[in-house]
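Descriptive structure summary
So the chains spell out like this:
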Amino acid sequence: MKLKPLNHTVSSLLLFFFLCSLHLHYSQAQPEPNATGYPCSANLSSYPCHTFAFYTATSPNFLDLASIGDLFWVSRLMISEPSNISSPSNPLVAGQSLFVPLNCSCNSVNATTAISYANLTYTIKSGDTFYLVSTFSFLNLTTYYSVEIVNPTLVPTALDVGDKVIFPIFCKCPNETQLSNGVNFLISYVFQPSDNLTGVAASLGSDTASIIDVNGDNIQPFQTIFVPVSRLPNISQPNVTASVATSVRRVERKGVIIGLAIGLGVCGILLVLLIGVWVYRHVMVEKIKEIEGDKERPLIGRGTGLKAEEVNLMADVSDCLDKYKVYGIEELRDATGGFSERSLIQGSVYKGSIDGELYAIKKMKWNAYEELKILQKVNHGNLVRLEGFCIDPEDATCYLVYEYVENGSLQSWLHGDRDEKLNWKNRLRIAIDVANGLQYIHEHTRPRVVHKDIKSSNILLDGNMRAKIANFGLAKSGCNAITMHIVGTQGYIAPEYLADGVVSTRMDVFSFGVVLLELISGKEAVDEEGRVLWMSARGILEGKDEKVKAKRVKDWMDEGLLRESCSMDSVINVMAVATACTHRDPSKRPSMVDIVYALCKCEDFFFDISEDGLAPAAVIAR
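Residues take numbers from 1 onward in each chain, read along the sequence in its written order. Only residues with pLDDT of 70 or above have their local features reported here, since the model is predicted, and side-chain atom pairs are shown and tallied only from 80 upward, although totals for entire chains, interfaces and linings are computed over all residues. Neither water nor hydrogens contribute to the side-chain values; these are computed over all heavy atoms in the structure.

With that settled, consider the overall build of the protein. Secondary structure elements follow DSSP: runs of H or I of four or more residues count as helices, runs of E of two or more count as strands, with numbering from the N terminus. A tally of regular secondary structure across the protein gives 23 helices and 20 strands. Classification of residues uses two cut-offs on accessible area relative to the type maximum, computed with a 1.4 Å probe and protein chains only: under 20% is buried, over 50% is exposed, and between them is partly exposed. The buried share of the protein, taken over its 622 residues, is 44%. Whether two residues touch is decided by their heavy atoms; if any such pair falls within 4.5 Å, the residues are in contact. Intrachain contacts of the protein at a sequence separation of at least 6 include 69% that bridge at least 24 residues.

By convention in these notes, a salt bridge is any Lys or Arg side-chain nitrogen within 4 Å of a carboxyl oxygen on Asp or Glu. A full pass over the atoms with the stated rule returns 17 salt bridges. The residue glutamate 387 makes a salt bridge to arginine 385 at a minimum N-O spacing of 2.9 Å. The partly exposed category is assigned to glutamate 387, whose relative accessible area is 22%. By relative accessible area, which is 44% here, arginine 385 ends up partly exposed. Within this structure, Arg385, Glu387, Glu403 and Lys468 form a network of salt bridges that share partners.

Looking at the secondary structure, you find leucine 375 in helix H13 (residues 369-375). Distance in space between the C-alpha atoms of leucine 375 and leucine 386 is 7.2 Å, their sequence separation being 11 residues.

Here a cavity means grid points, on a 1 Å grid over the protein atoms only, where a 1.4 Å probe fits yet cannot get out; a pocket means an open set of points with protein on both sides within 12 Å along at least five of seven lines; lining residues are those with an atom within 4 Å of a point. Grid points are joined across faces, edges and corners, and a volume is the space filled by probe spheres set on the points. Reported here for the second largest pocket is a volume of approximately 680 Å³. Lining the second largest pocket are 34 residues, with Gln346, Val349, Ser457, Asn458 and Leu460 positioned closest to its centre. Counting residues per element, the lining of the second largest pocket draws most heavily on strand E10 (residues 357-364), at four residues. For the lining of the second largest pocket, the per-class residue count stands at 13 nonpolar, 11 polar and 10 charged. Only Asp, Glu, Lys and Arg are considered charged, only Ala, Val, Leu, Ile, Met, Phe, Trp, Tyr, Cys and Pro nonpolar, and every remaining residue, Gly among them, polar.

Once that is clear, we can look at the environment of serine 87. With respect to the element layout, serine 87 can be found in the loop between helix H3 (76-80) and strand E2 (97-108). With relative accessibility at 28%, the residue serine 87 sits in the partly exposed group. Residues serine 87 and arginine 76 lie 11 residues apart in sequence; the distance between their C-alpha atoms is 9.6 Å.

At least two bridges found by DSSP between two strands is the condition for calling them paired. Spatially, six strands are ordered E7-E11-E12-E10-E9-E8 in an open sheet, and the strand pairing comes out mixed. Two strands lie at the open edges of the sheet, namely strand E7 (325-326) and strand E8 (344-346), each paired on one side alone. Taken together, the two bridges between E7 and strand E11 (residues 386-391) define a ladder with parallel strand orientation. Counted as the bridge partner of valine 326 is phenylalanine 389 from E11. Running over the sheet, helix H12 (residues 329-336) touches E7, strand E9 (349-354), E10, E11 and strand E12 (398-403) and is turned about 100° from E9. Axis lines are fitted through C-alpha atoms, for helices just across the contact stretch, and the angle between N-to-C directions can take any value from 0 to 180 degrees.

Below, the discussion takes up the nonpolar core. We define the nonpolar core as a collection of buried residues of types Ala, Val, Leu, Ile, Met, Phe, Trp, Tyr and Cys that are connected through side-chain atoms lying within 4.5 Å of one another. Of all hydrophobic cores here, the largest spans 81 residues; its most connected members are Phe472, Phe512, Ile595 and Leu599. Discounting chain neighbours no more than four positions away, the residues touching phenylalanine 512 are Ala431, Val434, Ala435, Leu438, Ile454, Cys581, Met592, Ile595 and Leu599. One finds Tyr55, Val100, Ala118 and Leu159 within the second-largest nonpolar core, a separate group that totals 38 residues.

Read these as spatial facts, not as claims about activity.
This is the structure:
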C-alpha cells in the first residue's frame with residue numbers, strides 16, 4: 001500500500017526527464033531563427049528600397065485594413081491594391097493574406113553593426129511588451145531581441161503607456177546581381193511550422209532554389225525569410241461579404257420565429273406612439289398659430305416654438321447645450337448691425353459686440369454638429385475658444401460665436417499691406433504656438449483630431465501676438481480614414497491626401513511645414529503662376545557645404561528678415577524642420593512632439609515674458 005505513491009513519483013520523474021531530453025534534442029536539432037536582425041551594408045546602391053511584407057489578418061484586433069494600416073503607418077489603399085482587394089472598407093476574415101508595403105533601409109545600431117529593416121514607430125498601450133507586440137501584432141516580422149537593440153534607452157520591464165518604440169520590421173533590398181536577374185522585390189515572409197519551401201515558392205511566384213540562395217538551407221519555423229520575385233503575385237481573396245452574410249443568415253434563421261413575434265409587438269407599440277405624437281403635434285401647432293397669429297416666432301432659447309429643422313439641429317447639438325451659451329438670433333443681429341459689411345472680418349465671419357465684449361461670429365450654411373462635437377472636447381490656449389452658438393429659427397442657419405482675436409490672421413501680417421512687419425523672434429514664437437496647438441489635438445484627444453485645413457489665414461494673433469488655431473470646419477475625429485471628397489486649400493494639401501484621400505495627423509504636419517516656409521520666405525503658399533511654395537524649397541539644404549546652404553537660404557528668405565540681426569543658424573534650423581514636415585512620404589515626416597522640441601531648441605528662442613505675455617513692442621519690427 002505504501003509503494004504506490006513512490007511508484008507514482010518515480011513515474012513522474014521519468015516522464016519529466018524524458019520531456020527534458022526531448023526538448024534538448026529538439027533544441028539542438030532546431031536552432032533558433034535569426035533574432036537580432038539581418039546585417040546590411042549602408043553603401044549598397046539598392047538601399048533604401050520599396051518592398052512588401054506578407055501579413056495575415058488576425059482576430060480580434062486586425063480584421064480590417066484600417067487597423068492594419070495604423071499598425072504599419074500606411075493607408076488602406078496601399079494595402080488593398082497589391083493585395084487584390086477591391087473594397088478597402090470591407091471587413092477581413094482571420095487568416096486572410098495581405099501584402100503590406102515597407103520602406104526598407106540599412107540602419108546603423110552601433111559603431112560596427114547595421115541592420116536591414118523598416119523603421120515603424122509604435123505607441124505602447126496598457127499591457128504591451130516588446131514580445132507581445134512583436135509576436136501577436138507584427139506576427140514575428142520582428143523579434144523582441146531586435147527591438148531591444150534598436151531601442152537601447154528603453155527598459156523592457158519598465159514601459160509606460162504612451163512610450164514611442166521603434167519596431168524594426170525585417171526586410172531586405174535586392175543587390176545588384178539580383179536586380180540584374182529581374183528580382184524587383186524580396187518579400188518578407190515568416191516561415192510557419194506547417195510550411196515547406198516548395199509551397200511557399202509556389203504561392204508567392206518564386207522557386208525553391210532562389211529562396212535557398214537568399215536565405216540558406218537551414219530555415220527554421222518563425223524565421224523571417226526573403227522571397228525573391230520579379231512582381232507581386234495575384235492573391236486570391238475570399239468573398240468576405242458572402243461569408244459574413246452566410247453567418248448572419250444562420251443566426252437569423254435560428255431565431256426567426258421569436259424575432260417575428262417581438263417585431264410585431266414592437267411595431268404595434270410604435271404605431272400607437274406615432275399616432276399619439278402626431279395628434280399632440282397637430283394640437284400644439286394649432287395652439288401656436290392661435291397665440292402668435294402673424295407675429296414672428298419666438299427666438300431659440302427664448303420660447304417654445306421651434307421649426308422642424310430647428311428641432312432636428314437642436315437634437316444634434318444637445319450634448320453641447322450644457323457647455324456653451326445658446327444665443328438668440330436677434331442678439332447676434334444687434335451685435336453685428338444686422339450682419340452688415342462693416343462688421344465683416346473675412347469670408348462669413350463677423351465682428352460683434354455683446355454686453356460690451358467683442359466676439360467673432362461665424363455664419364455657417366451647414367449643420368454645425370461635427371465642428372461642435374470636436375470643439376467641445378478641446379481646450380488649449382493655442383486654439384481659438386468657442387463661446388456659444390445660435391440656430392436661426394427662420395432658415396435653420398447655424399452661427400458659432402468665438403472669442404475675438406484682435407490682431408487678425410497670420411496671412412494678413414505676412415502677405416497683407418500692413419506697415420508693421422513681424423520680426424524673426426515673433427515668427428518663431430508663432431510657429432511654436434501653432435505646433436503646441438497641433439500637438440495637443442494630435443496627442444491629447446481621443447480619438448485624435450486632424451484639423452485638415454492648417455494655413456496662415458486660419459492662424460490668428462491676439463493682442464500679445466500669440467498664435468491661436470481657428471476654423472475646425474473641416475476637422476476630422478480619427479486617423480487613417482479614406483475619403484473621396486478632397487477639401488482644403490491649394491498649396492497646403494499633403495500629396496497623399498490629394499492622391500488617395502488619406503486623412504491622418506501627418507497631413508497637418510505637411511500643412512504646418514508650408515506655414516513655416518511662409519514665415520521664413522514671406523511668400524504665399526501658391527504664387528500668381530500657380531507654383532506651390534513647398535516645391536520651390538526642395539534642395540535648398542542639400543549638400544554638405546554649410547556656406548552654400550546658408551547662401552541659398554538667404555537668397556530665399558524674406559528680405560525684411562535680412563535687415564535685422566537674426567541668427568542664420570536659427571533660420572536654417574527652422575528651414576530644416578519645414579523641409580522634414582513637407583517630405584512627400586508621410587511616414588518620414590516628424591510628429592508634432594518632435595517638431596515642438598526641435599523649434600524650442602532654436603537659439604533665437606528667448607523672450608522676456610510677463611504675466612500678460614509678450615509686449616507687442618518687443619515682437620514687432622516697425
